[in-house]
Amino acid sequence: MNTGALLQVKDLVKQFGALRATDHVTLDVLPGEIHALIGPNGAGKTSLVAQLSGHLPSDSGQIFFDGHNVTAMPTHERVHRGLARSFQITRLFKSFTVLDNVSLSVQARSGNSFSFWRPVRSDKALTDQAMSVLQELGLQDRAHDSASELSHGEQRILELGLAVATRPKLLLLDEPMAGAGHFVDRARHGRGVPIGRPHIGAGQRRVGRHGLTRGHSAQPPGDCCLPG
């Protein structure tokens, strides 16, 4: 394994009955690197991302993040260590404003308890940090609009922004090109970014290395220099 890697995965296995979703996956992601997982539907990409983030326990294998063994670590502790994940399906508080959605994510990062009785916008420190994230996303002009008023593409950008608001060292993206491909470039800023499933054309312009998932067995990644 590469000792300079931010994320190291060794022999990761996940079995669902007779179906092996991930089959002894071994890979690493360097600081600042974009690493894509490419494969057909049902190949195990989302299962692998879920294992890395802690949403799905592995049957065997090890996951090291920033020098620590996080294999058995719960999701929230991985987030506090700097490992964040976005989801295939948009998960937003649709009735909240765009600013409030991001403010809640900033609040979660700080470790403060949520207070739904007191609007987060009353905390200037939170809203200032949230507005900074919205400026990164290009959504600052929609800050006071309801999340439900955003287009699908804007909702995808906002959903990814919730992960960015936790200021991760590494960001796991699942289906990042679904309505928000350009966000990968905006979000990078020195973070490693393992990608669940880029559309090939867009992925070629952004991805440094890739891992191939085939059928229900995930294969170790090969080095791949793709066009800039």
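Sequence order as written defines the numbering, with residues in each chain counted from 1. This being a predicted model, a pLDDT of at least 70 is required before a residue's local features are given, and a value of 80 or more before pairs of side-chain atoms are given or counted; all residues contribute to the totals for chains, interfaces and linings. Side-chain numbers come from the whole structure's heavy atoms, not from hydrogens or water.

**Digging into the sheet that holds strand 1 (residues 7–16)**
In short, DSSP must find at least two bridges between two strands for them to pair. The helix and strand labels rest on DSSP assignments: H or I over at least four residues marks a helix, E over at least two residues marks a strand, and numbering proceeds from the N terminus. With antiparallel pairing, the four strands of this open sheet are ordered in space as 2-1-4-5. Pairing within the sheet leaves two strands with one partner each, and these edge strands are strand 2 (19–29) and strand 5 (68–69). The strands touched by helix 1 (residues 45–53) within the sheet are strand 1, strand 2 and strand 4 (60–65), with strand 1 carrying the most contacts at an inclination of about 120°. Contacts are assigned to residue pairs with any non-hydrogen atoms lying within 4.5 Å of each other. Axis definition: a line fit to C-alpha positions, over the contact stretch in the case of helices; interaxial angles, taken between N-to-C directions, run 0 to 180 degrees.

**Description of unusual backbone geometry**
Notably, D66 is not glycine yet its phi reads approximately 55°, a positive angle. Tracing the chain through its elements places D66 in the loop between strand 4 and strand 5. Of note, the phi angle at R167 is positive, near 50°, even though the residue is not glycine. Inspection of the secondary structure assignment puts R167 in the loop between helix 5 (152–164) and strand 7 (170–172).

**Comments concerning helix 4 (residues 124–137)**
Here the expected length of a helix is defined as 1.5 Å per residue gap, with one fewer gap than residues. Helix length check: helix 4 (14 residues) gives 20 Å between terminal C-alpha atoms against 20 Å at 1.5 Å per residue, within 8%. Among the residues of helix 4, L126, T127, A130, V133, L134 and L137 are the ones counted as buried. For helix 4, the arc enclosing every buried residue in end-on projection is 120°, short of the 170-degree limit, so these residues lie on one face. Residues K124 and Q135 are exposed on helix 4 and point more than 90 degrees away from its buried face. Trailing helix 4 by a residue or two, G138 shows a phi angle of about 80°, which is positive. Buried means the residue's accessible area, taken with a 1.4 Å probe over protein chains only, is under 20% of the maximum for its type, while exposed means over 50%, and partly exposed covers the values in between. The arc refers to the directions leading from the helix axis to the C-beta atoms.

**Quick notes on the pattern of salt bridges**
We define a salt bridge as a side-chain nitrogen of Lys or Arg found within 4 Å of a carboxyl oxygen belonging to Asp or Glu. Across all of its chains, the model carries eight salt bridges by this definition. Residue D59 is joined to K14 by a salt bridge in which the shortest nitrogen-to-oxygen separation is 3.6 Å. Note that D59 is positioned in the loop between helix 1 and strand 4 and K14 in strand 1, a separation of 45 residues in sequence. Its relative accessible area of 9% is what places K14 among the buried residues.

**Re the confidence of the model for the protein**
This prediction gives the protein a mean pLDDT of 74; 67% of its residues lie at or above 70. When mean pLDDT is taken per element in the protein, strand 4 scores highest with 96 and helix 7 (residues 200–206) scores lowest with 36. As a per-residue measure, pLDDT reflects the predictor's confidence and takes values from 0 up to 100. Low pLDDT, under 50, characterises residues 190–208; the stretch is placed with 74 contacts to residues that sit more than four places away or in other chains. For residues 212–228, every residue scores under 50 in pLDDT, and the model assigns this stretch 45 contacts once sequence neighbours within four places are set aside.

**Thoughts on the packing of aromatic side chains**
Any pair of Phe, Tyr and Trp rings, taking the six-membered ring for Trp, is counted once the centres come within 6.5 Å. Such a pair is stacked with planes under 30 degrees apart, edge-to-face with planes over 60 apart, and tilted for the rest. The full count for this structure, using the stated rule, is one aromatic pair. Ring centres 5.0 Å apart and planes at 20° place the aromatic pair F93 and F96 in the stacked group. Owing to a relative accessible area of 42%, F93 belongs among the partly exposed residues under this scheme. Cation placement over rings: the criterion is NZ of Lys or CZ of Arg within 6 Å of the ring centroid and within 35° of the ring normal. Positioned above the aromatic ring of F16 is the side chain of K14, whose terminal nitrogen or guanidinium carbon lies 5.5 Å from the ring centre.

**What to know about the pairing of strand 2**
Pairing between strand 1 and strand 2: seven bridges, direction antiparallel. The partner of F16 across the bridge, within strand 2, is L19. Between strand 1 and strand 2, which pair antiparallel one after the other, the connecting turn spans two residues, and G17 there sits at a positive phi close to 65°.

**Focus: the environment of V25**
Following the sequence through the fold, V25 ends up in strand 2. Each C-alpha atom, one on V25 and one on V9, is 7.0 Å from the other, the two residues being 16 residues apart in sequence.

**A short note on helix 5**
Side chains of residues three or four places apart in an α-helix project in the same direction, reflecting 3.6 residues per turn. With 13 residues, helix 5 ought to run about 18 Å at 1.5 Å a step, and its terminal C-alpha atoms sit 18 Å apart, in line with that. Where burial is concerned, most of helix 5 is hidden: 11 out of the 13 residues are buried. All buried positions along helix 5 are accounted for by G153, Q155, R156, I157, L158, E159, L160, G161, L162, A163 and V164.

**Details of the environment of L52**
Assignment of secondary structure puts L52 in helix 1. Note: C-alpha distance between L52 and Q62 (10 residues apart in sequence) is 9.7 Å. Look past the residues within four positions of L52 in its chain and what remains in contact with it is L7, V9, L12, I63, R78, L83 and L172.

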